[in-house]
Protein chains: 2
Amino acid sequence: MAAVTDRRAGILQIIVREYVETAAPVGSRTIHDKYGVPASPATIRHEMQALEEEGLLEQPHTSAGRVPSDLGYRYFVESLMGQADLPVDEQATIRHQFFQAAPELDEWADLAAGLLARSLGLLALVSPPRSRELRVKHLELISLNDLLALLVVVLREARVLKQLVPLDGAFAQADLSLMAARLNERVSGRTASELRLATDAEDANEQRMLETLTGILREESAREAAVRVEGVAGMLGQPEYREDHTSALDIMNLVDQRATERVVPMGSLERGGVSVVIGDENPAFELQHCSVVVAPYGDQADMSGYVALVGPTRMHYGRGVATVRYLSSLLEEMMERVYG
Amino acid sequence: MAAVTDRRAGILQIIVREYVETAAPVGSRTIHDKYGVPASPATIRHEMQALEEEGLLEQPHTSAGRVPSDLGYRYFVESLMGQADLPVDEQATIRHQFFQAAPELDEWADLAAGLLARSLGLLALVSPPRSRELRVKHLELISLNDLLALLVVVLREARVLKQLVPLDGAFAQADLSLMAARLNERVSGRTASELRLATDAEDANEQRMLETLTGILREESAREAAVRVEGVAGMLGQPEYREDHTSALDIMNLVDQRATERVVPMGSLERGGVSVVIGDENPAFELQHCSVVVAPYGDQADMSGYVALVGPTRMHYGRGVATVRYLSSLLEEMMERVYG
DNA sequence: GTTAGCACTCTCGCATGGAGAGTGCTAATC
DNA sequence: GATTAGCACTCTCCATGCGAGAGTGCTAAC
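Residues numbered from 1 in each chain as written. Chains lettered and ligands numbered in written order. Predicted model: local features only at pLDDT ≥ 70, side-chain atom pairs only at ≥ 80, totals over all residues. Heavy atoms only, no water.

Caption draft 1: Structural context of the overall build of chain A. Helix and strand counts for chain A come out as 14 helices and 10 strands. Computed over its C-alpha atoms, the radius of gyration of chain A comes to 26 Å, more than 25% above the 20 Å expected for a compact globule of 340 residues. Over its C-alpha atoms, taken along the principal directions, chain A stretches across nearly 90 × 40 × 35 Å. Long-range pairs, those at least 24 residues apart, make up 61% of the contacts in chain A between residues at least 6 apart in sequence. For chain A, the exposed surface amounts to about 15200 Å²; the carbon and sulfur share of it is 50%. Positive and negative side-chain charges of chain A, numbering 33 and 50 respectively, have mean locations separated by a distance of 2 Å. (Helix = DSSP H or I, 4+ residues; strand = E, 2+ residues; numbered from the N terminus. Rg over C-alpha atoms; globule rule 2.2 N^0.38 Å. Contact = heavy atoms within 4.5 Å. Areas by Shrake-Rupley, 256 points an atom, 1.4 Å probe, with all protein chains shown as cover. Lys, Arg positive; Asp, Glu negative; His and termini not counted. Charge placed at Lys NZ, Arg CZ, Asp CG, Glu CD.)

Structure follows, in structure tokens:
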């Protein structure tokens, strides 16, 4: 069993790049002519055989060229691809757009997903950051009409939750503001779990508000983050799905069902870095012909989301990783800068 | 040019129903055997020829059965389909889910889109209601840190907008609350355009807040409503897109680009009813092999959204119209009931 | 007006047969 | 031993042809 010599690595690299670009199996002649490898096609074929024995290449059928295997892509990503950053001008363009946008976590997630999807022509998923532990910053009660008030809760990270609350009896806005002030003294700065311990109120209406508040918080932390999905059309435009309709359908089903946990298993995320999951490494069977490039962002346990790219295994890993890395770090920086 | 006799209408109806179900051209034998029409296949063929001359049927090729033309579907929808309501048990199931959900416009839109898409296996678009004229109900300032406050604006329809506002100088929450109280006196109950006239403040910080407020309102009313899209997978699963990859791609592009105005031209919406746009009646060329079933909901000019269903022209119009009608009326009822 | 019979047309599936691409093997060469 | 030229081999792809099947339109009889 021969090792992966330098020349073989070079050939593998050429095959990956060429195949990513053309989506057609790569033959020895192309490698020789187009890339000027100083060896005859016959020699290159020898090397390709060796690479196939290593499990890094595959042949769709006897007389087609070679195609990288999942293992081949893995080798490419690990050892050949390098760690080039996004070109500075692209960085600047992206950065500019973020500073133009409204300083909103959800807005940023939208923007990031759109940029990522358009840049790669693939499926992008961005989850806005969620804190594990919701901490109340402030609370307000607004009278809508005689029977109905709106409870507005501002969380520490400037997120706003709201809930309609039926009232028994008429309350003027002034009464409600007073009640809100009293409640704020008790709840502001507290987390959901701290609140649960200290729910004792003299007034029935205040008691009700407190219960509503804990209800909202409980519901909110149970709710899955509304993941932004972009680039369905681009994904469907990939040549692999032009014929093979079923696998495209499977993927869309996965996305439609909001089963994003299966697409991006949060457990597998390496902190502070970009993870690449290639083909059959993927736990979800629908994605075993796909690769996922994903990076978490946000601080450790508290406010975290992720930026993910989903495409066929034949994707531009260099560009994908660079873009995902830049976006995740930019999102983190924006959060820091604005909400820090 | 023969008229559309009763028997011909019956045959057209059978062809529509059969084709909608099987997606295969319908022949005279099928009509005779499966539907027990009291006429021989030869006679039925005669009638089908007449219907083809009327432009209501088409032949994919010489020796296939017939398929309804766009005009044929139009005739079916207009004269043959009837106006059956959704079965009461389905109504009850849907209703139940709405009352379970949080009383939020956006939440309802999500729910409606999901239900519609799943019920028909097609693409559903639901726009949450947007009021033309934004009216401020209440405003609040929350101190996040020394340099940053959060401006929270509650609109009359209980929608909440927010914006980060940088501060020059330190303000305690008490100061901000006081400022908010002063501002509320000036802005609450006002629309964006009314505010624009009356922006005069003594204090520089208050002036800034007022400007921020009008900015938010301007931005918000310029922003397109975030339309809920569901059922991509179901749509792609339709037999028409199994082969014809391009048109599926075109449709997804349209949806991805947020070009929902082209999918659902708001101008064409008939108030208080369900509109059906069939095939080439559609202004967007990407949708000329699709039909759109759409109903607006909400009160006249003020708070309005729509419920829309997009599918191939071969869709179950009866079920589609009934579901869209029920959902739009239910959404309107929910709005009335909760926000009245 | 309706119907049976029949020839006709068109699609679909399948087999056939190059043409082309790319390989693996062998034997000669550096 | 590594490299290379030469060549037979294999497999896909595409165009062609053919038969089966489906459904029609036409004609003539009822």
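So that's the structure; there's more coming.
Caption draft 2: Main features of the protein's contact with DNA strand D. Around DNA strand D, a shell composed of 21 residues is seen, among which R7, T43 and T62 of chain A together with S28 and S63 of chain B lie nearest. Sugar and phosphate atoms form 75% of the subset of DNA strand D atoms that lie within 4 Å of the protein. At 2.9 Å, a backbone N or O of S40 of chain A approaches a phosphate oxygen of DNA strand D. Side-chain polar atom of S28 of chain B to a phosphate oxygen of DNA strand D: 2.7 Å apart, as the coordinates give it. Listing elements by their share of the surface near DNA strand D, those giving two or more residues are α3 (41-53) of chain A together with α3 (41-53) of chain B. By residue number, the principal contributor to the surface near DNA strand D is α3 of chain A, which donates 4 residues. (Near = heavy atom within 4 Å. Polar contact = N/O pair within 3.5 Å; in protein donor to acceptor, adjacent residues only side chain to side chain.)

Caption draft 3: Broad picture of the pattern of salt bridges. By the definition in use, this model includes 44 salt bridges over all chains. A salt bridge links E240 of chain B to R314 of chain B; its shortest N-O distance comes to 2.5 Å. With E240 of chain B in helix α11 (residues 240-243) and R314 of chain B in the loop between β10 (303-312) and α14 (317-339), the pair connects residues that are 74 residues apart, well separated along the chain. Looking at R314 of chain B, the relative accessible area reads 6%, which means it is buried. Within this structure, E107 of chain A together with R130, E157, R159, E220 and R223 of chain B form a network of salt bridges that share partners. (Salt bridge = Lys/Arg side-chain N within 4 Å of Asp/Glu carboxyl O. Buried < 20%, exposed > 50% of the residue type's maximum accessible area, 1.4 Å probe, protein only.)

Caption draft 4: Spatial organisation of the packing of helix α2 (residues 28-35) of chain A against α3 of chain A. Residues and elements named next belong to chain A. One can describe the packing of α2 onto α3 by two numbers: an axis separation of 8 Å at closest approach and a directional angle of 120°. Classed by the angle they form, the pair α2 and α3 counts as oblique. Considering only the axes of α2 and α3, their crossing is right-handed. On α3, the residues that touch S28, I31 and H32 of α2 are P41, I44, R45 and M48. (Axes fitted to C-alpha atoms, helices over the stretch in contact; angles between N-to-C directions. Parallel < 35°, antiparallel > 145°, perpendicular 65-115°, else oblique. Left-handed = near helix turned anticlockwise from the far one by under 90°.)

Caption draft 5: Layout of a negative patch on the surface. A surface patch of like charges, here negative, comprises E243 and D244 of chain A together with E243 and D244 of chain B. With respect to the element layout, D244 of chain B can be found in the loop between α11 and α12 (245-256). (Patch = residues over 30% accessible without salt bridge, like charges linked within 9 Å, V, L, I, M, F, W, Y side chains within 5 Å.)

Caption draft 6: How the structure looks around the interface of chain A and chain B. The interface of chain A with chain B comprises 39 residues on the first partner and 40 residues on the second. Across the chain A/chain B interface, buried area totals approximately 3500 Å², and carbon plus sulfur atoms make up 59% of it. On the surface where chain A and chain B come into contact, there are 4 salt bridges. Notably, a salt bridge pairs E107 of chain B with R223 of chain A, separated by 3.5 Å at the nearest N-O pair. The interface formed by chain A and chain B holds 18 residue pairs in polar contact (both at pLDDT 80 or more) in total. Elements represented by at least two residues in the side of chain A that touches chain B include exactly β4 (136-145), β5 (148-155), β6 (160-166), α10 (232-237), α11 (240-243), α12 (245-256) and α14 (317-339) of chain A. Sorting elements by how many residues they give to the side of chain A that touches chain B places β4 of chain A first, with 6 residues. Tallied by class, residues from the side of chain A that touches chain B come to 19 nonpolar, 7 polar and 13 charged. (Buried area = accessible area lost by both parts, 1.4 Å probe. Nonpolar A, V, L, I, M, F, W, Y, C, P; charged D, E, K, R; others polar.)

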